[in-house]
Amino acid sequence: MQEILINPYTAIRLFAKTYLYVGDKLLTDKKYKKTREAWIASMYLISLKKESGQEWYFKPETKDGSPDFYCYTFIYDQKKGGSIKPEMKLEVFEWRKEENEKDFLKSLNRIKLN
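Below, the structure is looked at part by part. Please read these numbers as outputs of a predicted model, since none were measured by experiment.

This part covers the pattern of salt bridges. Side chains carrying opposite charge are able to pair once their charged atoms draw close together. Taken as a whole, this structure holds 4 salt bridges when the rule is applied. The partner of lysine 59 in a salt bridge is glutamate 3, with the nearest N and O atoms 3.0 Å apart. Separated by 56 residues along the polypeptide, lysine 59 in strand β1 (residues 56-60) and glutamate 3 in the segment before α1 (8-22) bring together distant segments of the chain. With a relative accessible area of 24%, lysine 59 lands in the partly exposed category. Judged by its relative accessible area of 34%, glutamate 3 falls in the partly exposed class. A salt bridge links glutamate 37 to lysine 33, with the shortest nitrogen-to-oxygen separation between them at 3.2 Å. One end of the pair is glutamate 37 and the other is lysine 33, both in helix α3 (residues 33-52) and 4 residues apart, which spans about a single turn. When its relative accessible area of 2% is taken as the criterion, glutamate 37 is described as buried. When salt bridges that share partners are traced, they join Glu3, Lys59 and Lys85 into one network.

Turning our attention to the environment of phenylalanine 15. Mapped onto the secondary structure, phenylalanine 15 falls in helix α1. Note on phenylalanine 15: relative accessible area 13%, which makes it buried. Sequence separation between phenylalanine 15 and arginine 36 is 21 residues; the distance between their C-alpha atoms is 7.3 Å. Residues within four places of phenylalanine 15 in sequence aside, it is in contact with Leu26, Leu27, Thr35, Arg36 and Trp39.

As a further point, take the packing of aromatic side chains. This model, assessed by the stated rule, comprises 3 aromatic pairs. Ring plane angle 85° and centroid distance 5.2 Å describe the contact between phenylalanine 58 and phenylalanine 69, whose orientation is recorded as edge-to-face. Of the two residues, phenylalanine 58 is situated in strand β1 and phenylalanine 69 in strand β2 (residues 69-73); the sequence distance between them amounts to 11 residues. A relative accessible area of 2% means that phenylalanine 58 is categorised as buried.

Further remarks concern α1. The first and last C-alpha atoms of α1 sit 21 Å apart over 15 residues, in line with the 21 Å expected at 1.5 Å per residue. Within the sequence span of α1, burial applies to Pro8, Ala11, Phe15, Thr18 and Val22. Summarising the axial view, the buried residues of α1 lie within an arc of 80°, below the 170-degree limit, and thus occupy one face. What points out from α1, more than 90 degrees from its buried face, is the exposed set Lys17, Leu20 and Tyr21.

The rules behind these values
- Residues numbered from 1 in each chain as written.
- Predicted model: local features only at pLDDT ≥ 70, side-chain atom pairs only at ≥ 80, totals over all residues.
- Heavy atoms only, no water.
- Salt bridge = Lys/Arg side-chain N within 4 Å of Asp/Glu carboxyl O.
- Helix = DSSP H or I, 4+ residues; strand = E, 2+ residues; numbered from the N terminus.
- Buried < 20%, exposed > 50% of the residue type's maximum accessible area, 1.4 Å probe, protein only.
- Contact = heavy atoms within 4.5 Å.
- Phe/Tyr/Trp six-rings, centres within 6.5 Å; stacked < 30°, edge-to-face > 60°.
- Expected span 1.5 Å × (residues − 1).
- Arc of directions from axis to C-beta.

Structure follows, in structure tokens:
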């Protein structure tokens, strides 16, 4: 099976186009949760590129639900004469103050770590 990786800039453009189509519903409706998470993951991967100089790509988890995304970069390995593809697993969650969660770590434990 062929693996398809998503460029973070593509996910950001999709988020922007979706926002233009559905408006603020994109920011709150559970139907768009994966789109919001892809935007968050994309912003993180772009910041990694800024720090490391390496391009990152991702693919969403479609079966188990966790982690949310598998992220990859390609590094040329001179000894092997080719590229290696390190993997980083990325879990995203949305923390909302309006849900009366005062402690970020307690929220994380309740939502994702249980």
